[in-house]
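So you can see what is in the structure, the chains are spelled out below.
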Amino acid sequence: MSQAPDSAAHAAAATATDAFDAAFDGQAPPLRLAVIGAGPAGLALALLAARYLPQAQVSLFDARPLERDVSGDPRTLALSLGSVQLLQRLRVWPAAQAQPIREVHVSQAPPTLSSPWFGPSGEPEVRISAAEQAVPQLGAVLAYGQLVAPLQAAWQQASALEPRRLISRFGQAVDGLKQDRPDEIEIDAGIAERFDLAVVAEGGVFSEQARKSLTHDYRQNAWVGTVTLAPDSPVGVAYERFTRRGPLALLPLPDRDGQRRAALVWCQPRDEDEVEGLSDAQRLAVIQQQLPDRVGRLLGISPLKCFPLGLNAERTLVEGRRIRIGNAAQTLHPVAGQGLNLGLRDAFALVEALRRDPRVDQALRRVEWQRAPDRWATILTTDFLARTFAWRWPGLPAARGLGLAALQALPPLKRALAGQMMFGRR
């Protein structure tokens, strides 16, 4: 639960509201910003704009009614260190509900090359730890609802203090966007309204999205749920296992009722997917057999949900006075776990650009140019990795294993990979 703001915060908000009212009473504010979608990326953007663009009027739209409780949504989010730091800066990071990632372990299951040079297991692997990178954590894992709830509470608190400047439009679906003037965009949410800039932050899953400029169906399914680990299993370790059929990931979760847990993402080729027909005991046995020994024993598994996987991305973030962020701009395979992190970096870059230069078109050009290296590096790397699991080329597992071994053996390469994981390409 969020605490009520202190008197200093009330006074600062009142001063900002008075200044906003005095300067723009009866006039359009310098920037009318619409944010469409109150998920993590949209809420973070709205809060960033509320704080760092004090002369902007921010309207947040979402089809979800405000009274609908989001706190119990169990979907798992993996956040990079940069994303955690951004949310800490906004004072919305729920540290008590999050499990820090202290180490990332990436390996390849047999059949693959085997060598004593590959590490204790004799298999190719990469191990990245927070200690060797001199950071408190590499990232964190928590449930979707545990992040959205404090973000939404912070937004509602801010909009209650400045109701004329920060406008909540929950329960209002946006039916269309139209730009017939170069400096305005029209939003249809029951009535037509004009804004200087619209940010589309509505995500969704691949199977439910309209197709964008770049799209590819990987013909893979992701089975997601949670597993219970033995009490002596390592704490705070994220595992990515490259198997012949697809990647298998375990993400550490906070203990519950004294039980150690991990979120499971288990990718299977759709044409050979037999997971649905397996019992829980059989699923657990198959997963255990594919994981490295260092994970420890798996004690239980939750019911699993299945999602088709694909790439669905726009070539550009910006179209006129519309900008897409997060899954609205690119929906990726979960092999790299970077979808939300990209969206949060998009949000930060947009607000920083508008803060430096309030001219909207110039700011949008800056964001497009600035975000391209990080965005395309992530899209192309994720797409390449996802496609390789459909290839049956002789020697491919050996090549992938040699790549992992090279990363582990060459500290500069490993540092570069760790930096990309934590902060994106800068």
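Now for a look at the structure at hand. Quick caveat, the model's predicted, so the values are computed rather than measured.

## Thoughts on the pattern of salt bridges
Here is step 1: Throughout the structure, instances matching the rule amount to 27 salt bridges.
Here is step 2: Across the salt bridge formed by aspartate 196 and arginine 32, the nearest N and O atoms sit 3.1 Å from each other. Here the residue aspartate 196 occupies a position in the loop between β11 (192–195) and β12 (197–200), and arginine 32 occupies one in strand β1 (residues 31–36), the gap between them amounting to 164 residues. For the pair aspartate 196 and arginine 32, one class covers both residues: buried.
Here is step 3: For aspartate 271, the salt bridge is made with arginine 219, and the minimal N-O distance between the two is 2.9 Å. Taken as a pair, aspartate 271 in the loop between β16 (259–269) and α5 (280–290) and arginine 219 in strand β13 (residues 214–229) lie far apart in primary sequence, 52 residues in all.
Here is step 4: Aspartate 271 sits in the exposed class, given a relative accessible area of 61%.
Here is step 5: The exposure class of arginine 219 is partly exposed, given its relative accessible area of 43%.
Here is step 6: Among the charged side chains, a salt-bridge network with shared partners connects Arg32, Lys178, Asp180, Arg181, Asp183, Glu184, Glu186, Arg194 and Asp196.

## Considering the sheet that holds strand β10 (residues 184–188)
Here is step 1: The three strands lie next to each other as β9-β10-β11, forming an open sheet whose pairing is antiparallel. Whereas interior strands pair on both sides, the edge strands pair on one side only; in this sheet they are β9 (176–181) and β11. Each strand of the sheet is rotated relative to its neighbour by a mean of 30°, with strand direction disregarded.
Here is step 2: As paired strands, β10 and β11 are joined by four bridges and run antiparallel to one another. Bridging across to β11, aspartate 188 finds its partner in alanine 192.

## Topic: the nonpolar core
One recurring pattern in soluble globular proteins is that nonpolar side chains are buried together.
Here is step 1: Grouped together as the largest cluster of nonpolar side chains are 58 residues, with contacts concentrated most on Val58, Leu79, Trp155, Leu197, Ile323 and Leu350.
Here is step 2: Residue contributions to this core peak at ten residues, all from helix α2 (residues 40–52).
Here is step 3: Setting aside residues up to four positions removed in sequence, leucine 79 forms contacts with Val84, Leu87, Trp93, Gly139, Ala140, Leu142, Leu147, Leu340, Asn341 and Leu344.
Here is step 4: Core analysis: the next-biggest nonpolar cluster, separate from the first, contains 21 residues, Ala130, Ala263, Leu404 and Ala418 among them.

Calculation rules
Residues numbered from 1 in each chain as written. Predicted model: local features only at pLDDT ≥ 70, side-chain atom pairs only at ≥ 80, totals over all residues. Heavy atoms only, no water. Salt bridge = Lys/Arg side-chain N within 4 Å of Asp/Glu carboxyl O. Helix = DSSP H or I, 4+ residues; strand = E, 2+ residues; numbered from the N terminus. Buried < 20%, exposed > 50% of the residue type's maximum accessible area, 1.4 Å probe, protein only. Pairing = 2+ DSSP bridges. Axes fitted to C-alpha atoms, helices over the stretch in contact; angles between N-to-C directions. Core = buried A, V, L, I, M, F, W, Y, C linked by side-chain atoms within 4.5 Å. Contact = heavy atoms within 4.5 Å.

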